[in-house]
Amino acid sequence: MSTSEHDHGLAGERRDLSSIASAALKAGTLVEALPWLERYQDALVVVKYGGNAMTDPALKRAFAEDIAFLRYAGLRPVVVHGGGPQIASMLERMGLKSEFRGGLRVTTPETMEVVRMVLTGQVSRELVGLINQHGPMAFGLSGEDARLFGARRRPAYVDGEAVDIGLVGDVEMVDPQIVRDLTHSGRIPVISSVAPDLDNEGQVLNVNADTAASALAVALGAHKLVVLTDVEGVYANWPDPESLLSTLPVEDAEAMLATVETGMVPKLEACIRAVRGGVPHTHVVNGTRPHSILLEIFTDEGIGTMITSGGRW
Ligand SMILES: Nc1ncnc2c1ncn2[C@@H]1O[C@H](COP(=O)(O)OP(=O)(O)O)[C@@H](O)[C@H]1O
Ligand SMILES: CC(=O)N[C@@H](CCC(=O)OP(=O)(O)O)C(=O)O
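Because the structure is a prediction, the values reported are computed rather than measured.

Draft legend 1. Local environment of the overall build of the protein. When helices and strands are tallied, the protein shows 10 helices and 16 strands. The principal-axis extent of the C-alpha atoms belonging to the protein is close to 85 × 40 × 40 Å. Across the 313 residues that make up the protein, the buried fraction comes to 42%. Residue pairs in contact within the protein that sit at least 24 positions apart in sequence constitute 74% of those at least 6 positions apart.

Draft legend 2. Layout of the site of ligand 2. Close to ligand 2 lie 15 residues, the nearest being Gly51, Gly82, Gly84, Arg105 and Ala209. Counting residues per element, the ones that place at least two in the shell around ligand 2 are α4 (84-93) and β4 (104-105). A class-by-class count of the residues in the shell around ligand 2 yields five nonpolar, nine polar and one charged.

Draft legend 3. Inspection of the UniProt feature "domain: Aspartate/glutamate/uridylate kinase" (unreviewed entry) in the protein at higher detail. According to UniProt, the feature "domain: Aspartate/glutamate/uridylate kinase" (unreviewed entry) maps to residues 44-286 in the numbering used here. The annotated region residues 44-286 carries 37% helix and 26% strand content, and the separation between its end C-alpha atoms amounts to 21 Å.

Draft legend 4. Examining the sheet that holds strand β16 (residues 305-308) more closely. Judged by pairing direction, the sheet is mixed, and its eight strands sit side by side in the order β5-β10-β2-β1-β13-β15-β16-β14 without closing on themselves. Looking at the sheet topology across the chains shown, the edges are occupied by β5 (138-142) and β14 (247-249). On average, adjacent strands in this sheet sit at an angle of 20° to one another, irrespective of strand direction. Judged from the four bridges that link them, strand β15 (residues 281-286) and β16 form a sheet pairing that is antiparallel. In the sheet register, histidine 281 faces β16, and the bridge partner there is threonine 308. Sheet strands touched by helix α3 (residues 57-72): β1 (44-49), β2 (76-81) and β10 (188-192). Its angle to β2, the strand with the most contacts, is close to 150°.

Draft legend 5. Structural view of the environment of alanine 219. Residue placement: alanine 219 occurs in helix α7 (residues 209-220). Given 20 C-beta atoms within 10 Å, alanine 219 falls into the buried group. The spatial distance from the C-alpha of alanine 219 to the C-alpha of proline 176 is 6.5 Å, given a sequence separation of 43 residues.

Draft legend 6. Here's a closer look at the nonpolar core. Core analysis: the biggest nonpolar cluster contains 84 residues, and Val46, Val79, Ala213, Leu216, Ala217, Leu225 and Cys271 have the highest contact counts within it. No other element matches α7, which puts nine residues into this core.

Draft legend 7. Expanded view of the site of ligand 1. Inspection of the region around ligand 1 gives 15 residues, with Gly50, Asn52, Thr229, Trp238 and Gly263 positioned closest. The residue inventory of the shell around ligand 1, partitioned by class, reads six nonpolar, seven polar and two charged.

Thresholds, definitions, all that
Residues numbered from 1 in each chain as written. Chains lettered and ligands numbered in written order. Predicted model: local features only at pLDDT ≥ 70, side-chain atom pairs only at ≥ 80, totals over all residues. Helix = DSSP H or I, 4+ residues; strand = E, 2+ residues; numbered from the N terminus. Buried ≥ 20, exposed ≤ 12 C-beta atoms within 10 Å, placed from the backbone. Contact = placed C-beta atoms within 7 Å. Near = placed C-beta within 6 Å. Nonpolar A, V, L, I, M, F, W, Y, C, P; charged D, E, K, R; others polar. UniProt positions renumbered as here; feature names shortened; annotations may be inferred. Pairing = 2+ DSSP bridges. Axes fitted to C-alpha atoms, helices over the stretch in contact; angles between N-to-C directions. Core = buried A, V, L, I, M, F, W, Y, C linked by C-beta atoms within 7 Å.

Given below as structure tokens:
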């Protein structure tokens, strides 16, 4: 008997039974997300995307998918992006040096022009384009637009001493109305961390993107701040892999600040400032892991480290 006789001569593709088992597993993952989807309807989630997690094109596409997913799932995502390595490479191409003091870039007027050009003209444009491949949602703006941010110059602290690092600021004023307007109309704001100087009309300041994201999350009364970085989260005893923390009470995060090294300091400070400012949950997550945002928000265990004043959510 030929195969076609055995199959009654019917056309169509045959289903592999093992694919049904794997489909059931996928359904399990979707159902696990259900309580989080219910809980986070309309929730404002600020995601800080650092330049180190942007170096690979596939990773950038996965980031854009996650952000579009959040929006289609009924949340209101807001992106604040950095671009430290991208600024460094442009400075190098222009024959200018990159210098950091206390984790912050020493910013001359010439450096400031490059920072503004790279963040608002390059990194923001690229992220907006990637997200908009999923629908006309992303809208790029900087802290200058509609006076979203106002900043004041700040020194860096090196060995307890204040050091002048030029045109670097801390966000001291946030007018989140433009961000609210955009999210209410279904848009995804993509924000560069450049801010007008409150003390010098016409001058702009370079703001660390972790700091900017935290100030915005507080002003918006966001449900969550997710800070993407290039390690799995906060380690109690860096770099001991066994010491990765899944949760960290804000008091302990404050105590850790004295011992932690430069790179993690602005992230911890950002999370502490957000929690103290009323953002219930903040997360430090590995942005070099594809879809880390979805894993953090929609799975029971989450990934990375949650810095919080209370329980799991
Ligand atoms: N306790 C800690 N836990 C995790 N990372 C730490 C810790 N202490 C220092 N680090 C360093 O902080 C780095 C993250 O900061 P950074 O490189 O500035 O990130 P990003 O470029 O994402 O802003 C990690 O790659 C790690 O080298
Ligand atoms: C004052 C200061 O240091 N500003 C940062 C702004 C960009 C940033 O924060 O980028 P990442 O998130 O990729 O580190 C800088 O010039 O590099």
